[in-house]
Amino acid sequence: QVQLVESGGGLVQAGGSLRLSCTASGSIKRINDMAWYRRAPGKQRDLVATMTSGGNTNYADSVKGRFTISRDNAKNTVYLQMNNLKPEDTAIYYCNARIIPVGNWYEHDYWGQGTQVTVSS
C-alpha cells in the first residue's frame, strides 16, 4: 500500500534549475531516511543526496554546492533542488525512503518510479 510518487523532471539547458518532488502515501507509521539516487545512461545507480528524519544531510561530491535536499515531514515529501545543472547530471532520478508501514515494527525500503532529467549543452 505504501508508494512513492515523483515529479519535477524534464528538459533544461545547462546552467538551469529543476526541483524534484517525491511524496510517500499509504499506510505509513513513520518515515526514516529519505534519499535521491540517479542512473545515467550506461552507468550504475549512484547516491545523490540523503536526509534523515532529524535533518542530517549528505551529498555526492559531484553535486555539492549545486543540489539541496529537503523534506516536509508533515507532507511526507522530499525535495531535490537542482541548480547550475550540467549535462553530466542527465539521468533518471529515483526517490528512496525507508518507511515503517502501519502494523510493522521495522522499516522497509521503497523506491519511486523514477523521473527523467535531461540537461542539454
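Residues numbered from 1 in each chain as written. Predicted model: local features only at pLDDT ≥ 70, side-chain atom pairs only at ≥ 80, totals over all residues. Heavy atoms only, no water.

S.K.: Is there a simple way to think about the sheet that holds strand S3 (residues 18-25) in this case?
M.R.: Paired through their backbone hydrogen bonds, the strands of a sheet run either parallel or antiparallel. Reading across from one edge, S1-S3-S8-S7 is the order of the four strands in this open sheet, with antiparallel pairing throughout. Both edges of this open sheet fall to strand S1 (3-7) and strand S7 (67-72), since each of them pairs with a single strand only. Averaged over neighbouring strand pairs, the angle between their axes works out to 15 degrees when direction is ignored. As paired strands, S3 and strand S8 (residues 77-82) are joined by six bridges and run antiparallel to one another. (Pairing = 2+ DSSP bridges. Helix = DSSP H or I, 4+ residues; strand = E, 2+ residues; numbered from the N terminus. Axes fitted to C-alpha atoms, helices over the stretch in contact; angles between N-to-C directions.)

S.K.: Is there a simple way to think about the side chain of Thr50 in this case?
M.R.: Its location among the elements puts Thr50 in strand S5 (residues 45-51). Taking relative accessible area as the criterion, Thr50 reaches 19% and is therefore assigned buried. When near neighbours in sequence (up to four residues on either side) are disregarded, Thr50 contacts Met34, Ala35, Asn56, Thr57, Asn58 and Ile69. (Buried < 20%, exposed > 50% of the residue type's maximum accessible area, 1.4 Å probe, protein only. Contact = heavy atoms within 4.5 Å.)

S.K.: Would you explain unusual backbone geometry in this entry?
M.R.: When glycine is set aside, most residues are seen to have a negative phi, and most peptide bonds are trans. If you check the backbone angles, Asn76 has positive phi at about 55 degrees while not being a glycine. Its place among the elements puts Asn76 in the loop between S7 and S8. Note on Asn76: relative accessible area 26%, which makes it partly exposed. Of note in this structure, Asn84 is not a glycine but carries a positive phi near 50 degrees. Along the polypeptide, Asn84 turns up in the loop between S8 and strand S9 (91-101). Given a relative accessible area of 42%, Asn84 falls into the partly exposed group.

S.K.: Looking at this model, I keep getting lost on the pairing of strand S4 (residues 28-39). Mind explaining?
M.R.: Direction of pairing for S4 relative to S9: antiparallel, over a ladder of nine bridges. Residue Tyr37 lies in a different strand from S9, and its bridge partner there is Tyr94. Pairing geometry for S4 and S5, over six bridges, is antiparallel. Across the sheet, Trp36 pairs through a bridge with Ala49, a residue of S5. Counted along the chain from S4 to the antiparallel partner S5, the turn is five residues long, and its residue Gly42 has a positive phi close to 75 degrees.

S.K.: I keep staring at the side chain of Thr90 and nothing clicks. Help me out?
M.R.: Of note, Thr90 is situated in the loop between S8 and S9. Under the relative-accessibility criterion, Thr90 is labelled buried at 18%. Within polar-contact distance, the side chain of Thr90 engages the backbone nitrogen of Val119 at 2.9 Å. Excluding anything up to four places from it in sequence, Thr90 contacts Ala40, Pro41, Gln116, Val117, Thr118 and Val119. (Polar contact = N/O pair within 3.5 Å; in protein donor to acceptor, adjacent residues only side chain to side chain.)

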